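Structure at a glance
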Amino acid sequence: MTLTLRPQANPQSGAALVAAASGASVAALGGLVVAGWLTVAVALIQVLPGFPPMQYNTALGFMICGAALLAAALDLRRPTALLGGLAMMMGFATLVQYVFHTDLGIDDLMVETYVLTGVSNPGRMAPNSAVGLTLTGAALLGLSCRPASRSRHLYPALLGSIVIALGTAALVGYAAGVPGAYGWGHFNPMSVHTALGFILLGGGIVGLAWNAAQGQSSEAPPWVPTLAAVAVGTVTLCMWYALAVGPRAGVGRTILPKTPTGPALPNITLAAGLLSALLVGWSLRVEQTSRRRAISLAASNLALSQQSQARERAEERVHQLAAIVEHSSDAIIATSLDGTILTWNHGAERLYGYTQAEVQGRHVSLLHARKQAGDEVFERILRGDLVEQLEAVNLTREGRKIDVSLTVSPMLDRAGRVIGASTIARDITERKQLEQMKDDFVGTVSHELRTPLTAIKGFIELVADGDVGPLTEAQREFLGIAARNADRLGSLINDLLDVNQIDSQRLEIRAEPIDLGPLLEEVAKTFRSMAESKGLGFHVHLEHLPPIVGDGPRLLQVFSNLVSNAIKYTPTGEVGIRARVAQNGVEVIIHDSGIGLSPDEQAQLFTKFFRARHKVVTQSGGTGLGLVIAKAIVEKHNGSIEVASIAGEGTRFRVVLPISSAA
Ligand code: ADP
């Protein structure tokens, strides 16, 4: 078993250590005197010849109390309670004997008393020692319970302080020659070493209670003034009694010479002592209160200075932000909820040509080149949302139209309410012009390429059909290659035109009733032979599907692309088409057991010109535009397309198209 000093003890104070040392010393003192009685070593029983002896029971009580104090310091609660209770019973039984003039037979129980100096009742402990022992036992019992609150430590501490006072009064009595201070009435007096023992015991108890009450805080317990006042008051009462009774009318022998005391002296001592007790208590309380006040003042001082530092830092940040906004090359404009311009930075001056003074307080619509659909933006701002990359056409001071990209964010007050909007405007006129030029270029070039290509394909077919004369096998083969490449070129041009339409948001989708079943069967018919010629299994499973509304040729393009990809990127194994009615529409799944896609590749799958680096991909032709177009077409149908794939195991594309509401 490992023993630790009281765990609730404040680790910085050595109170538990001192209490343990006191307990051990008192137990040793008691043990020595018991040994003295048993071995007739009078020097151990009487400090000096002629001095009162420490009675055997007192010595026994010290052994018990000393051990109990040691146990309390080691936080052994049960032994503390047992030994403390035993000591209290011993002391109390002796008091009962004194009060009721009886003999319970406990005085001479162990040894026959043979030192009779100043002794009225041979073998019986002095009445003040009995009081001390009872209080010590009670205090130790108190220490052994786990107190509910810090103030509950007061009771053991209070009893301990009375025990100290009893011992101190007796010692003072010996030193000052006032026998009434160590001997009450004509009864047995308290010996010198008993007095000392009680001071040690009381000190140890007060120390432990103090330590436990203090806990982890550095403040002294709140009951210290009461404790000091009680201790001083007890000493005062003892001294008052001693002075009032005068020299002991001797039973046995009177030990010290009589002390001349005037009749006023006890009363003066009592008044002065009680006054001192009150003063000590009061001054300690005042000191405690002022210390607490000083601590709380220091704490609020610290909090105040931290607050002001935080405010300074916040102000500095606000200044920095204001400077950044002011000098930003982007136009930054703050408006109130009704659209009134509040602030206008240098960037805005440069972009629009108005100075801050010219626009402040005017409505933001003075910048709009055409009436804008601002309602939806306004609602989103009111909800606290951010509106990003909103493209608009604005007007400068000179009436020039500029394309701008706007980021509008809500401005909130301290309570989090939206009170306005801040808009960052970036000039994208140049970018827009470039985009337009690119669109026009791609459109023109593609059209210009398509016309000669149609002619090339027509003439190849003419020659291949033998219309202009018979062909050799080699000529037929070469014409086949030329025809396939003309087809590839044609589909590349088509893809480029489609992507151009998508980019410029000009992709148009027809809205006609479509039966997906026959459409998918046509796709299957077209690609079955291609799959089988590669040695792949080709599975088609189509449930009965309700009609949808959409663009048949465009959807044919989507599913053809997905199935042709599945065949192209599956060297061995199988591919398939499944279709069924799902919760949110018609679900079409194109699956294969091909090369698959890594998570990285899946993330880039629907971006323009993406093609995986796999050998199977690079060896087969393709533009990397098919899936971009497929996605745009599906989304134009309010549908969705998603991919699930494991590299090396296969891929599954899932297209969901909404069912026509008329169905
Ligand atoms: P491509 O003309 O290259 O097939 P797509 O846009 O249709 O262009 O496909 C882009 C890329 O996505 C392909 O090059 C290929 O790397 C990958 N991919 C598409 N479908 C599959 C599939 N079923 N299995 C594995 N990879 C695929």
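This section reports on the structure supplied with the text. Just so it is clear, the structure is predicted and the values come from calculations on it, not from any experiment.

Consecutive residues of a regular strand have side chains that alternate between opposite faces of the sheet. Pairing of strand β3 (residues 387-395) with strand β4 (residues 401-412), which is carried by seven bridges, proceeds in the antiparallel orientation. When the sheet's bridge partners are listed, L390 is paired in β4 with L406. Hairpin connection, β3 to β4: the antiparallel pair is bridged by five residues, and G399 has positive phi, about 85°. Both β4 and strand β5 (residues 418-427) contribute to a ladder of nine bridges, which runs antiparallel. Across the sheet, residue L412 finds its bridge partner in β5, namely V418. The hairpin formed by β4 and β5 contains five residues between the paired strands, and G416 there has a positive phi angle of roughly 85°.

Moving on to the site of the ligand. Taken together, the neighbourhood of the ligand is formed by 22 residues, with N565, Y569, R611, A612 and L627 sitting nearest. In this structure, an oxygen atom belonging to the ligand sits 3.4 Å away from a side-chain N or O atom of K568. When isolated, the ligand has an accessible area of 530 Å², and the protein chains bury 98% of it. Listing elements by their share of the shell around the ligand, those giving two or more residues are α16 (552-568), α19 (626-636) and β12 (650-657).

Moving on, we get to a nonpolar patch on the surface. Together, L275, L279, W282 and V286 give the surface a local cluster of nonpolar side chains, amounting to about 430 Å² of exposed area. By the secondary structure assignment, W282 is in helix α9 (residues 264-327).

The next subject is helix α4 (residues 77-100). Between the first and last C-alpha of α4 there are 34 Å, a value that for 24 residues agrees with the 34 Å anticipated at 1.5 Å per step. Within α4, the full set of buried residues consists of R77, T80, G84, G85, A87, M90, G91, A93, T94, L95, Q97 and Y98. Structurally, α4 contributes buried residues whose contacts are with α3 (56-73) and α5 (127-144). Where α4 ends, the next residue or the one after it, H101, has phi of about 50°, a positive value.

On to the sheet that holds β4, then. Read across the sheet, five strands follow the order β2-β1-β5-β4-β3 without closing on themselves; strand pairing throughout is antiparallel. Looking at the sheet topology across the chains shown, the edges are occupied by β2 (341-344) and β3. For this sheet, the mean inter-axis angle between neighbouring strands, taken without regard to orientation, is 30°. When strand β1 (residues 331-336) meets β2, the two strands line up antiparallel, connected through three bridges. Each bridged residue has a counterpart across the sheet, and for I333 the counterpart in β2 is W344. Helix α13 (residues 429-464) contacts β3, β4 and β5 of the sheet and is inclined by roughly 130° relative to β4.

In spatial order, the strands read β7-β9-β10-β12-β11; together these five strands make up an open sheet with mixed pairing. If you trace the sheet from one side to the other, it starts and ends with β7 (537-542) and β11 (640-646), each paired once. Across the sheet, the mean angle separating the axes of adjacent strands is 10° when strand polarity is ignored. Here β7 pairs with strand β9 (residues 574-582) via six bridges, running parallel. Counted as the bridge partner of V540 is I577 from β9. Its contacts with the sheet put helix α15 (residues 516-533) on β7, β9, β10 (585-592) and β12, and the angle it makes with β7 is roughly 175°. Contacts from α19 reach β11 and β12, with the element oriented near 25° to β12.

Scoring rules and cut-offs
Residues numbered from 1 in each chain as written. Predicted model: local features only at pLDDT ≥ 70, side-chain atom pairs only at ≥ 80, totals over all residues. Heavy atoms only, no water. Pairing = 2+ DSSP bridges. Helix = DSSP H or I, 4+ residues; strand = E, 2+ residues; numbered from the N terminus. Near = heavy atom within 4 Å. Polar contact = N/O pair within 3.5 Å; in protein donor to acceptor, adjacent residues only side chain to side chain. Areas by Shrake-Rupley, 256 points an atom, 1.4 Å probe, with all protein chains shown as cover. Patch = residues over 30% accessible without salt bridge, like charges linked within 9 Å, V, L, I, M, F, W, Y side chains within 5 Å. Salt bridge = Lys/Arg side-chain N within 4 Å of Asp/Glu carboxyl O. Expected span 1.5 Å × (residues − 1). Buried < 20%, exposed > 50% of the residue type's maximum accessible area, 1.4 Å probe, protein only. Contact = heavy atoms within 4.5 Å. Axes fitted to C-alpha atoms, helices over the stretch in contact; angles between N-to-C directions.

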